[in-house]
Amino acid sequence: MPIPFVGRRFRAADLSAYLGGVTFGSFRPRYVTLHHTGIPDLAQRPTGFSDQHLLNLRHYYGEQLGWSGAPHFFVDDRADGIIVFQRLDRRGVHAASFNAESWGIEMLG
């Protein structure tokens, strides 16, 4: 099953409207799990994640690793740096012990 990719960027002030439109089914996150990216690091992405970087990550997770999900969010320091990477109403893949009950957030660096 392919990753339910979204790839949309938000400013903090605009994210709540998007979140308000999410309808949950069987996956209902109870908390968030915050990670940091070792690779790529800040030196490799000094201006944050580009759209192509996100597509590359989608390919890496889905095609190279064979995952059916990914972290829900990526965050960088751009003004629109809150990125909904995959659908928020679906279980992600980010930390084996926490996938079933949490949203995964990857912070650049």
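Throughout what follows, the structure given in this document is the object of discussion. As the structure is a computational prediction, the values presented were derived from the model and not from experiment. (Residues numbered from 1 in each chain as written. Predicted model: local features only at pLDDT ≥ 70, side-chain atom pairs only at ≥ 80, totals over all residues. Heavy atoms only, no water.)

### Describing the pattern of salt bridges
At step 1: Summed over all chains, the structure comprises five salt bridges.
At step 2: Where D80 meets R9, a salt bridge forms, and the shortest distance between an N and an O atom there is 3.7 Å. Of the two residues, D80 is situated in the loop between β3 (73–75) and β4 (82–86) and R9 in strand β1 (residues 5–10); the sequence distance between them amounts to 71 residues.
At step 3: For D80, a relative accessible area of 22% gives the class partly exposed.
At step 4: Overall, the relative accessible area of 17% leaves R9 in the buried class.
At step 5: As a salt-bridge pair, D80 and R78 come within 3.2 Å of each other at their nearest N and O atoms.
At step 6: With a relative accessible area of 32%, R78 lands in the partly exposed category.
At step 7: Because the salt bridges share partners, they merge into one network encompassing R9, D76, R78 and D80. (Salt bridge = Lys/Arg side-chain N within 4 Å of Asp/Glu carboxyl O. Helix = DSSP H or I, 4+ residues; strand = E, 2+ residues; numbered from the N terminus. Buried < 20%, exposed > 50% of the residue type's maximum accessible area, 1.4 Å probe, protein only.)

### Let's talk about the sheet that holds β4
At step 1: If you walk across this open sheet you meet the five strands as β1-β4-β3-β5-β2, and the pairing is mixed. Since the sheet does not close on itself, it has two edges, and those belong to β1 and β2 (31–36), each with one partner. Adjacent strand axes in the sheet meet at a mean angle of 20° when their direction is disregarded.
At step 2: Alignment of β1 against β4, held across four bridges, turns out to be antiparallel. Paired with R9 across the two strands is I83, which belongs to β4.
At step 3: The strands that helix α1 (residues 12–20) touches are β1, β3, β4 and β5 (102–107); relative to β1, the one it contacts most, it runs at about 140°.
At step 4: Contacting β1, β3 and β4, helix α2 (residues 51–64) runs over the sheet at an angle of about 30° to β4. (Pairing = 2+ DSSP bridges. Axes fitted to C-alpha atoms, helices over the stretch in contact; angles between N-to-C directions. Contact = heavy atoms within 4.5 Å.)

### Concerning the side chain of H35
At step 1: Of note, H35 is situated in strand β2.
At step 2: We classify H35 as buried; its relative accessible area is 19%.
At step 3: With sequence-adjacent residues up to four places away left out, H35 is seen in contact with H94, A95, I105, E106 and M107.

### A few points about the packing of aromatic side chains
Each pair of aromatic rings is reported with the distance of its centres and the angle of its planes.
At step 1: Counted by the stated rule, this structure contains ten aromatic pairs.
At step 2: Relative to F85, the ring of Y61 lies with its centre 6.2 Å away and its plane at 90°, an arrangement referred to as edge-to-face. Of the two residues, Y61 sits in helix α2 while F85 sits in strand β4, which places them 24 residues apart along the sequence. You'll find Y61 and F85 in the same group, each marked buried.
At step 3: Among the aromatic side chains, those forming a connected cluster through ring pairs are F5, F49, Y60, Y61, W67, F74 and F85. (Phe/Tyr/Trp six-rings, centres within 6.5 Å; stacked < 30°, edge-to-face > 60°.)

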